[in-house]
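Structural description and commentary
One-letter residues, chain by chain:
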Amino acid sequence: MEIAKQRKPVNEFAAWLFDIASKWQKEWSSAHIFEPRVEPEKPKFFITAAFPYPNSPPHIGHARTYTIADAYARFKRMQGFNVLFPMGFHYTGTPILTMAEAVANGDKQLIDLFIEVYDVPPEVIPKLGDPLALARYFHNEAKQAMKEMGYSIDWRREFTTIDPDFQKMITWQFLRLKAKGYLVQGTHPVGWCPKHNMPVGMHDTKGDVEPEIGEFVLILFRLEGSDVYLPAATLRPETVFGVTNIWLNPEAEYVIAEVDGSKWLVSAKAAYKLGFQKLNVKVIEKIDARSLMGKRVVNPATGEKVPILPASFVDESTATGVVMSVPAHAPYDYAALRDLLQNPEELKKLGVDPEELRPRPLIRVKGFSEIPARDIVEQLGVKAQEDRSLLDEATKKLYSSEYHYGYMRDDIIEYVYRDSPSDVRRFIVAPVKAWIAGRSVPEAREATRAWLEALGYADKMYEILNKPVYCRCGTEVVVKILHDQWFLKYSDPEWKAKAKELVLTMRILPEEMRREFLNVIDWLQMRAAARTRGLGTPLPWDPSWVIESLSDSTIYMAFYTINYKLRQAGIDPEKLKPVFWDYVYLGKGDVEEVSKETGVPVKLLKELRREFDYWYPVDSRHSGRDLVPNHLTFFIFNHVAIFPRDKWPRQIVVNGFVLLQGKKMSKSLRNIIPLRRAIRVYGPDTVRAVLLSAAELLQDVDFTHEVALSVMSQLRSIKGIVEDVAKTELHGGAERLADRWLRSILQDRIEAVTNAFENLRLRTASIILLYEMPKDVKKYFTLLGGGKPGSVLKDYISAWIRMLAPIVPHFAEEMWRILGGEGFVSTAAWPVPHADMRDPFAELTVYYADRVVEDIKEILKLAKISRPRVIIAVSKPSHWVLASAVARGQLDRKAMKEVIRSIMPLIPREERKEAAFKARKLYEALMPVDRDVKALIASMKEFDEKKALEELKDYIKTLTGAEEIVIVYLDEAGDKVPRQKARAAVPLRPAIVIEEAGSSDGDSRQAHGS
RNA sequence: GCGGGGGUGCCCGAGCCAGGUCAAAGGGGUCGGGCUGAGGACCCGAUGGCGUAGGCCUGCGUGGGUUCAAAUCCCACCCCCCGCACCA
């Protein structure tokens, strides 16, 4: 079924689920049960999930994090915590702007996407051209969807990041960060549209391409006899020692430009681009590259004078259009040189001796000769420098090999200023000898760059690596260097240390993520904290910058604790000066003074402080795993920077994504299911249950139609059970084995589900609740064999429905009502397991019977018996001591011999030989048994197997289709049981013989094994 | 490259951290049966191989190792996916 096209409820049950959901949402809302207030005597639990960015409607992928947070909130609430679960909306940033601009410009593709995929009504489209209107519209969509999902959110605390009071808080946060020295200024390269005069990110480019910025090192070769430099652009500065010549493209346009005071010869295009990167760039004159051929330039690393030569492969639009030629290690250079050498006349005209162009080995790398570029060019069969794809491949291969396995030869120092006087030379050579020669390529690269830079012969130029990238307006994107960019100094060692301290002490789920957080903290460096445009809060000390969106959403959770009261009091945001926040968030300052300075009443200040102090810190922070390397890590950094330790977050919960029918949801595939549509098609509880049950936390959920149907069919059958039980007259007499078993197993279920919830293993919890527990009930009825259910069933169902409530709250409310439960199940008490209600005898009996059933079925599969009479010969009760002792021994990890030795004294002397044999058999038989069962066996002092099976005779009959079951003790079985079988039988492994019923004892058509 | 996640039966996917009811949950598909005029939906059963007695053999990316016992622990290797920054 084409899930993405479905618009109507898939069936009546889905429609019913949707209807009851609306009903219960209204009831919850009018009862205000999700609007907590400070209750000092009650333990609080503050849960937040990453708020949405409303630039498009929410889809089922967004819903996963919220559903997890909500289920957890509901669980904690039922456990008796005072739970606060609020929600806000993130307006900060540029995508809303570009999205609205595209709508305003009539972007057909986008509008079509909105209407066809996102179900935006066509009449709404025109107003989405305005960024704020667009944000408001999708904000409202998200909010409605969240309500329709039944999230237990306290909506009184909703806000957006462009609300003036919130902006005051951000202003305070940034002033504090600056005061701590965590905000610094520096330069920063960005993708830039020269026409818009604005930075461009992925959202602003044609085809949504992220402009990748790379850094070239420019090595300045001075043109002999002039003050003009040729800045050769390279990614491999360490190869400068082997430069044989400089390449220029004779067909390209070159200019001499004055760049920050010096004269550079670069391509015309490079001059244009450098204009965005250097302070002052002025083109002085055009130059015909042909006129430069044969002229000499000085290699600043060696002092050698090398010729300028023509090469067609040189791309004038990449970096400077000036290339240094290192034929030994660069396939392009090798190929171009080879082309040139085929025309010695031409070289001669230029005054170049082919001998001086001989490739010079610089790097030793295993698997290659001295001239690796030649190896690879010949190996790949490169014919000329125009063989671009082959040469690109060659370059990539060689580059990678040399980078990872290459070492600089020691003799490179030979080339360094060999014509200089020896005392001068020693001085120049020293750093090369110390830091470059003999070093690995990565080390040498860095050292060479630093060395040349220190000498004033190196510079850098940024380039778009995946060029051309075009702005939406059609202009090609260039790299612009922003001067005076503000950075958050996440590189600060003390700050890092504190962040790590938090990561190491807080709870992180799943645990694997802790390591990732530590790694992120390690490599995080400077982070641009402000940008030139977009919605958001101006930087307090320089309003021409807007605080960047990931930087204004790091401690916003604190705002939820007070904004409701703050707004209720109608305080003018202008009054929310830094001292206000210092007092409310940090308890700093004198309340009277703060009141006087801000005009906020003392009483309110104190109340706000109390609210914050009660609710903070965040007890659980939820988000998708994509936010780990950014938002969540910034969340950690900013908390440790701003707040004292007792207000640091306690827990982070990270979840994976949502796939649709096994595929990633994407705009291009148009397979995005808006949340509100899914809610209508399947019912909110179905969507919730699928999102929670289809994968464990970190795995991706695959949302499929089939799974949704499966969930619905489970819910439907649970509904059937509940309705039946509500109507059924219960058995009034004494408890039977089945009753005891159900009560016992219930305790186990409660414990397992509770434990799963505590650890956010919601898939485990959901599977027990949706799939295992119905099986219990079914089994209970089988065990009853037609008898009336006991009152334990009501207890079981009651606990079950309560545990279902966090997963499928509307459904649970409806079931709770049918059961006659008091109030809302959403606020009912979470069930608690009672160890004293465990009944080992009942559990072991059922376990034992089930194993016997399995064995009987196995035998019946092979033996062709039409009307089976099953004779089960069990061990006598006095042998039980063997079973419990062996189980105990295995639990204590004792070896067989040891166990047997310890049992012997318990056995009468004359039986010891047989008992030892049985014990050995038992040891083998129990070896593979689950620990829980072993514990069960060990805990039982006595166990009469005959009595146990007699209780469940009908049960065994039903399950095996046996016509007759005869249970005897082994030593009373006589010749009914072959000796071999009798000998092999041990406690819990009875001898089973099956024969044709109807036949008399004497001529049983029993088939014997070998 | 660095960092993270992962490779399980026809497919998807649990199990692995705490080794043993693991030939391996659950779903899908397929096959058989029930139901039905037929189908759908639904229900039951089967779904590595062998076996006329509850068993044996082969199996969880590849190759080694530890152990009475390994899908699970250790070592090496191969392969796949994601992130790497100013973007929410």
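Reading the values: the criteria
Residues numbered from 1 in each chain as written. Chains lettered and ligands numbered in written order. Predicted model: local features only at pLDDT ≥ 70, side-chain atom pairs only at ≥ 80, totals over all residues. Heavy atoms only, no water. Axes fitted to C-alpha atoms, helices over the stretch in contact; angles between N-to-C directions. Helix = DSSP H or I, 4+ residues; strand = E, 2+ residues; numbered from the N terminus. Parallel < 35°, antiparallel > 145°, perpendicular 65-115°, else oblique. Contact = heavy atoms within 4.5 Å. Nonpolar A, V, L, I, M, F, W, Y, C, P; charged D, E, K, R; others polar. Salt bridge = Lys/Arg side-chain N within 4 Å of Asp/Glu carboxyl O. Buried < 20%, exposed > 50% of the residue type's maximum accessible area, 1.4 Å probe, protein only. Core = buried A, V, L, I, M, F, W, Y, C linked by side-chain atoms within 4.5 Å. Near = heavy atom within 4 Å. Polar contact = N/O pair within 3.5 Å; in protein donor to acceptor, adjacent residues only side chain to side chain. Pairing = 2+ DSSP bridges. Phe/Tyr/Trp six-rings, centres within 6.5 Å; stacked < 30°, edge-to-face > 60°. Lys NZ or Arg CZ within 6 Å of the ring centre and 35° of its normal. pLDDT = per-residue confidence, 0-100. Expected span 1.5 Å × (residues − 1).

With that settled, consider the packing of helix α24 (residues 737-758) against helix α26 (residues 791-804). Interaxial distance between α24 and α26 falls to 10 Å at its minimum, and their mutual angle equals 10°. When the axes of α24 and α26 are compared, the pair comes out roughly parallel. For the pair formed by α24 and α26, the contact residues are Asp 739, Leu 742, Arg 743, Ile 745, Leu 746, Arg 749, Ile 750, Val 753 and Phe 757 on the first element and Val 792, Leu 793, Asp 795, Tyr 796, Ala 799 and Met 803 on the second. Counted by class, the contact of α24 with α26 contains eleven nonpolar, no polar and four charged residues.

For the rest of this paragraph, the subject is the pattern of salt bridges. With the rule as written, the count across this model stands at 61 salt bridges. Between Asp 70 and Arg 74 there is a salt bridge; the shortest N-O distance is 3.0 Å. Of this pair, Asp 70 and Arg 74 both sit in helix α2 (residues 60-78), separated by four residues, roughly a single helical turn. Taken as a pair, Asp 70 and Arg 74 share a single burial class, namely buried. Linking Glu 729 and Lys 788 is a salt bridge whose minimum nitrogen-to-oxygen distance equals 3.3 Å. Residue Glu 729 is located in the loop between α23 (705-727) and α24, and its partner Lys 788 is located in the loop between α25 (762-784) and α26; the two are separated by 59 residues in the primary sequence. According to the relative accessible area criterion, Glu 729 is exposed, its value standing at 57%. Counted as one network, the salt bridges with shared partners bring together Glu 35, Asp 154, Arg 156 and Arg 157.

Glancing now at unusual backbone geometry. Trans peptide bonds make up the majority, and among non-glycine residues the majority have a negative phi. With an omega dihedral of -10°, the bond running from Leu 509 to Pro 510 counts as a cis peptide bond. Topologically, Pro 510 is positioned in the loop between β18 (507-509) and α15 (512-523). Residue Pro 617 is bonded to the preceding Tyr 616 through a cis peptide linkage, with omega at 5°. Of note, Pro 617 is situated in the loop between α19 (602-615) and β23 (620-624). Here the phi dihedral of Leu 760 falls at roughly 55°; this positive angle occurs in a residue that is not glycine.

In this structure, Phe 114 and Tyr 585 are the most contacted members of the largest nonpolar core, which totals 251 residues. Those residues within four positions of Tyr 585 in sequence are excluded, and the remaining contacts are Met 169, Trp 172, Ala 558, Phe 559, Ile 562, Arg 609, Phe 612 and Phe 643. Of all hydrophobic cores here, the second largest spans 68 residues; its members include Phe 241, Tyr 254, Val 352 and Trp 451.

Our next topic: the environment of Leu 627. Here Leu 627 lies in the loop between β23 and α20 (628-642). In this structure the C-alpha to C-alpha distance between Leu 627 and Ala 50, which are 577 residues apart in sequence, comes to 9.0 Å. Ignoring anything within four residues of it in the chain, the contact list for Leu 627 reads Ala 50, Leu 632 and Thr 633.

Another aspect to go through is the protein's contact with RNA strand B. Close to RNA strand B lie 50 residues; Tyr 53, Arg 527, Asn 630, Pro 928 and Ile 994 are nearest. Near-protein atoms of RNA strand B (within 4 Å) split between backbone and bases, with sugar and phosphate holding 48%. Between a sugar or linking oxygen of RNA strand B and a side-chain N or O atom of Asn 519, the distance comes to 2.7 Å. If one sorts the elements of the surface near RNA strand B by residue count, helix α28 (residues 840-862) sits on top with five residues. Looking at the surface near RNA strand B, its residues break down into 21 nonpolar, 13 polar and 16 charged.

Here the focus is the pairing of strand β17 (residues 478-489). With nine bridges joining them, strand β3 (residues 183-193) and β17 adopt antiparallel strand pairing. If you follow Leu 183 over to β17, its bridge partner there is Leu 488. By the bridge criterion, three bridges tie β17 to strand β19 (residues 526-528) in an arrangement that is antiparallel. Each bridged residue has a counterpart across the sheet, and for Lys 489 the counterpart in β19 is Met 526.

Taken as a whole and judged by the stated rule, the model has 48 aromatic pairs. Lying across the ring of Trp 541, Lys 178 places its NZ or CZ 4.7 Å from the centre. The ring centre of Tyr 415 lies 3.8 Å from the NZ or CZ of Arg 360, which sits over that ring.

For chain A, the average pLDDT comes to 88, and 98% of its residues sit at 70 or higher. Predicted confidence is poor over residues 1001-1010, with pLDDT under 50, and the contacts of this stretch with residues over four places away or in other chains come to 13 contacts.

Turning next to the sheet that holds strand β1 (residues 44-49). Across the sheet, which stays open at both edges, the five strands sit in the order β2-β1-β23-β24-β18 with parallel pairing between neighbours. Looking at strand neighbours, the two that pair on one side only are β2 (82-84) and β18, the edges of this open sheet. The mean inter-strand angle of the sheet, taken between neighbouring strand axes irrespective of direction, is 15°. Examined bridge by bridge, β23 and strand β24 (residues 651-655) share four bridges and lie parallel to one another. Residue pairing for β24: His 622 is matched across the bridge by Val 653. Its contacts with the sheet put α15 on β18 and β24, and the angle it makes with β18 is roughly 110°.

Here the focus is helix α13 (residues 441-455). Counted at 1.5 Å a residue, the expected span for α13 with its 15 residues is 21 Å, and the 21 Å between its end C-alpha atoms agrees. Of the residues making up α13, those classed as buried are Val 441, Ala 444, Arg 445, Ala 447, Thr 448, Trp 451 and Leu 452. Contacts from the buried residues of α13 go to β5 (213-223), β14 (363-364), α11 (388-405), β15 (407-408), α12 (422-436) and β16 (458-464). Phi for Gly 456, located one or two positions after α13, is positive at around 85°.

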